[in-house]
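So the chains spell out like this:
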Amino acid sequence: RGRAPAAEALARIMQVGFPYQYDQSVLASRQFLAGFALRLLLSRTLGRLPLAGRLFAPPVAIGVLDAEPYIDVWRRATRTTRVVQTAAAMLVIVVARRLARLVM
């Protein structure tokens, strides 16, 4: 029971942190690399700000390579994913509203 949360976190990390290490799909591999680069950019730029540092974690691969606990790495990754998804949804809403104004 004590290791179950860490084992689950490790399984999830392997799915999102290192999914295309053997070049199974060129398109999916490029998509993964774009996401990796975005997370790295966000963590290195916005992550330096006091509040934003807690919102934008580096990619999970970096946390794993730094020997951080798997549970902590996974929690930060899911938090960053939620923040990025929320920001993307807000951007879509803003763009849709502006386009709707142009059409009217």
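Above this note sits the structure.
Please read all numbers here as calculations on a predicted model, not as lab measurements.

Caption draft 1: Local environment of the packing of helix H2 (residues 26–45) against helix H4 (residues 70–103). The N-to-C vectors of H2 and H4 enclose an angle of 95°; their axes lie 12 Å apart at closest approach. Between H2 and H4, the interaxial angle falls into the category roughly perpendicular. Between H2 and H4, the contacting residues are Leu38, Arg39 and Leu42 on the first element and Ala77, Thr80, Thr81 and Val84 on the second. Here the residues of the contact of H2 with H4 are counted per class, giving 4 nonpolar, 2 polar and 1 charged.

Caption draft 2: Just the packing of aromatic side chains, in detail. A complete count under the given rule lists 1 aromatic pair for this structure. Where phenylalanine 32 meets phenylalanine 36, the ring centres are 6.2 Å apart and the plane angle is 45°; that geometry is what we call tilted. Here phenylalanine 36 and phenylalanine 32 lie together in helix H2, a separation of 4 residues that amounts to about one turn. Residue class for phenylalanine 32 comes out partly exposed when judged on its relative accessible area of 21%. The partly exposed category is assigned to phenylalanine 36, whose relative accessible area is 25%.

Calculation rules
Residues numbered from 1 in each chain as written. Predicted model: local features only at pLDDT ≥ 70, side-chain atom pairs only at ≥ 80, totals over all residues. Heavy atoms only, no water. Axes fitted to C-alpha atoms, helices over the stretch in contact; angles between N-to-C directions. Helix = DSSP H or I, 4+ residues; strand = E, 2+ residues; numbered from the N terminus. Parallel < 35°, antiparallel > 145°, perpendicular 65-115°, else oblique. Contact = heavy atoms within 4.5 Å. Nonpolar A, V, L, I, M, F, W, Y, C, P; charged D, E, K, R; others polar. Phe/Tyr/Trp six-rings, centres within 6.5 Å; stacked < 30°, edge-to-face > 60°. Buried < 20%, exposed > 50% of the residue type's maximum accessible area, 1.4 Å probe, protein only.

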